[in-house]
Amino acid sequence: MSARIWMSRPDSARAMGTNAMKRRHFLAGACASLGLGSITSQAWAAAGAPDFITAANRADLSSWLVGLTRHGDVVFDIPIPSRGHAAAVNPRAPEAVAFARRPGRFAIIIDCAAGQEVARLQSPKGRHFYGHGAFSSDGKTLFTTENNFDAPAGVLGIWDASDGYRRLGEVPSGGIGPHEILRLPDGGFAVANGGIQTHPEMARAKLNLPTMQTNLTYLSDNGTIHDQTELTGVMHQNSIRHIALDDIGNVVAALQWQGPPTKQVPLVLRNTPGGQAAFLPHPDQARLKNYAGSVAVCPQTGDIAVTGPKGSTVIYFDADGQPHGWAHHSTASGVAPAPDGGLTITCDGGMVHRANGVETPIPVSPDLAWDNHLIAV
Amino acid sequence: MKRLIPLAIVCLMPAMAMSQNAPSTPDHKAVADRVLSVLDHQFGTFRDHASALSDQAALFCKGSGTREGVVNALADTWTAWAPLDAYQFGPIEAQAAALTVNFFPDKKNFVGRALSTLLKQPESEQGDPAVIAASSAGVQGLPAIERLLFEDLQTCPALIGITGNLARIGSDLYTGWFAPDGWAALVQTAGPNNPVYLSPEEFTRQIYTALGFSIQRLRDHRIGRPLGSYERNFPKRAEAWRSGLTNEILRAQLAGLAEVVENGFATAIPDASRTLIADNVADIETQITAIGATLPKALDNPQMRFRVESLQTRLTYLQTLLDQHVGAHLDVEAGFSAGDGD
């Protein structure tokens, strides 16, 4: 494992001249390694052909996993026990896992074609889920980010999706507070270890802010840690929570500042596995209220969108990481690549489609309030 | 049968309370100002008692004070902390004081292990508050001080180091709230440009949520953990069982809750609702006294155990009252939003 420590902000525009070539190569490799295509699209057709799934709540405080089309049609809604956070989609089947919001202990496996729950995972004693998970490339193994809260330590739970989601074991996540996990094109994983110690008996209190350490950890497909990027110095309190993959293989991270709230800090980070990390400052980052929610990268242009549900704002960057405007969208939360190009964002009242800098509102059933993330199917 | 009466009152009271003298829309700015006054008092009290504890410890370790003086100061400090335990945001969160001041519950004996490690260090380090501040959270707070005083351990100079650090924490927490650029200033400047509170209502909701957490801590942790089952109880899981302060801490936490409702929320809720909360808190405090022993010692006595169990019922009922007679009037009932964060 090579530990690389972030010391100062390098030139975020460095080496961008070769990005276009890298991007094309990367996209070809990514499609090949993920093996996506007709298998999943045919299977998802039976589930109403959703383009996205997301967790949602209704005014009666009931919680749901919802399938949405790009046009805002709700093609399925399946009840879940309490608030969800994110979901993971099996790359080989029309199957989604809805994860409980921290400190929830359930994850529900849903056959979206049948609209039925096929399995319910319960985190082991002394563990709770963090709301995210990722399948292996072959869809046979599910990795879940979990809190070993009495230790305290972050772990990745490993579940056998090919055997009724039997728990196989767990491995260290590389830090405290593992939040989003993302499968990489090479079959390995990136994990955002937010660094914040929490305990289910202490409600949602953050227990270690003065000493927290946050990092991006890279693991092989069997869960072995081989690389880490840690934020140090004053940035040790800039919690790395949500991540996306850009089109040249960088991990782009949405950060949540836990230091003095009046201090202005960048809330987006881009990290090249095995390479450099760079913060991406934005002149309107203060509108996010120190809380960057979801992040996604436009597959066509490389543009980056970072949502801020607390600040009801989305900030944008171009493929070179340069600020590219912002937009006000009430409780802007989830963001994901749209199937017909551009990005789709969930917010109050429905969704917004953004392509080539043009935003188009997409109303959705008004009785649904989204929970944090939008997952492209 | 007795439980039916309060439940019936709960059902009837909202309509009664609505007709009383609370404004239809709370003035959340005024609520914030009043709550801050309460917090000023509560955090100031903790700061002062932690400082006095440090002074008593220094005198005791020099041979010019008494152990009783230290024990009494510990009791004052712990009961001053009890209401603050619920405010796990702002300076307490920023300074990680929830664990450093009171590592409870301590399922894995972090306090004992950290104290053991400390007592193996040179005495100059044991007595240095700066060394303690850089040590494990388990060794920094009230439970560690209690062990030094009530277990067969070398008390000094670690007592000086730990109490000195605790006095520093008490001062830092107060400053964190009430210095010119402290958390209270953030509360008072709530609005669209505020990095934390986009409206004064958000602080009201935060405090209201904290009171609910306070009840949960009382019912589930401070009472529920030692209570266990009828077949097996766990007296040593009670908070402060060594010093016998368990019941006093329960009462102090309840009093702190009542103070926020009475003096903080005050006229934002009807007089009848405030009276209802105050009366129920007083009843629970009386019920704690009526157990007849400290909670850990009551668990093996069937009659006393029943009194402890009934406290949990009363606390659940208090939460219901809070929801219906405080939350409803403050217009801060829970809703789901991605803006809740995670």
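Residues numbered from 1 in each chain as written. Chains lettered and ligands numbered in written order. Predicted model: local features only at pLDDT ≥ 70, side-chain atom pairs only at ≥ 80, totals over all residues.

Asker: Sorry if this is basic, but what is going on with the interface of chain B and chain A here?
Answerer: Many structure descriptions define interface size as the accessible area lost when the parts assemble. Listed as interface residues are 21 residues of chain B and, on the opposing side, 31 residues of chain A. Elements supplying a minimum of two residues to the side of chain B that touches chain A: helix 4 (91–94), helix 5 (97–101) and helix 12 (200–227) of chain B. Here the side of chain B that touches chain A is built from residues that sort into 11 nonpolar, 6 polar and 4 charged. (Contact = placed C-beta atoms within 7 Å. Helix = DSSP H or I, 4+ residues; strand = E, 2+ residues; numbered from the N terminus. Nonpolar A, V, L, I, M, F, W, Y, C, P; charged D, E, K, R; others polar.)

Asker: Would you explain the domain arrangement of chain B in this entry?
Answerer: Residues and elements named next belong to chain B. What the domain assignment reports for chain B is domain 1 (7–29 + 194–334) and domain 2 (31–188). For domain 1 and domain 2, the distance between their C-alpha centres works out to 24 Å. Put simply, the parts of the chain that give the side of domain 1 that touches domain 2 at least two residues each are helix 2 (28–62), helix 12 and helix 13 (246–265). The element that contributes the greatest number of residues to the side of domain 1 that touches domain 2 is helix 12, accounting for 12 residues. (Domains from an automatic or database assignment.)

Asker: What is the right way to read the pairing of strand 6 (residues 95–100) of chain A from this model?
Answerer: The side chains of a regular strand alternate between both faces of the sheet. Residues and elements named next belong to chain A. In terms of burial, strand 6 is largely enclosed, as 6 of its 6 residues are buried. Burial of strand 6 is two-sided: the residues Glu95, Val97 and Phe99 facing one way and the residues Ala96, Ala98 and Ala100 facing the other way are all buried. Here 4 bridges tie strand 5 (residues 84–89) to strand 6, and the two strands are oriented antiparallel to one another. Along strand 6, the bridge assignment pairs Ala87 with Ala98. Hairpin connection between strand 5 and strand 6: a loop of 5 residues separates the two successive antiparallel strands. Both strand 6 and strand 7 (residues 106–111) contribute to a ladder of 5 bridges, which runs antiparallel. Bridge pairing links Val97 to Ile109 in strand 7. Count of turn residues in the strand 6/strand 7 antiparallel hairpin: 5 residues. (Buried ≥ 20, exposed ≤ 12 C-beta atoms within 10 Å, placed from the backbone. Pairing = 2+ DSSP bridges.)

Asker: Could you clarify how one ought to interpret the packing of helix 2 of chain B against helix 10 (residues 158–178) of chain B in this entry?
Answerer: Packed helices, taken two at a time, are described by the angle their axes make and the gap between the axes. All names here are of chain B. Contact geometry for helix 2 and helix 10: axes closest at 8 Å, N-to-C directions at 160 degrees. Here helix 2 lies roughly antiparallel to helix 10, going by the angle between them. In the packing of helix 2 onto helix 10, the handedness of the crossing is left-handed. Residues that form the contact of helix 2 with helix 10 fall into these classes: 16 nonpolar, 7 polar and 2 charged. (Axes fitted to C-alpha atoms, helices over the stretch in contact; angles between N-to-C directions. Parallel < 35°, antiparallel > 145°, perpendicular 65-115°, else oblique. Left-handed = near helix turned anticlockwise from the far one by under 90°.)

Asker: Teacher, can you tell me more about the pairing of strand 4 (residues 74–80) of chain A here?
Answerer: All names here are of chain A. Relative to strand 4, strand 3 (residues 63–68) is paired through 6 bridges, and the arrangement is antiparallel. Residue pairing for strand 4: Gly67 is matched across the bridge by Phe76. Hairpin geometry of strand 3 and strand 4 is characterised by an intervening segment of 5 residues between the two adjacent antiparallel strands and by a positive phi of about 95 degrees at Gly72.

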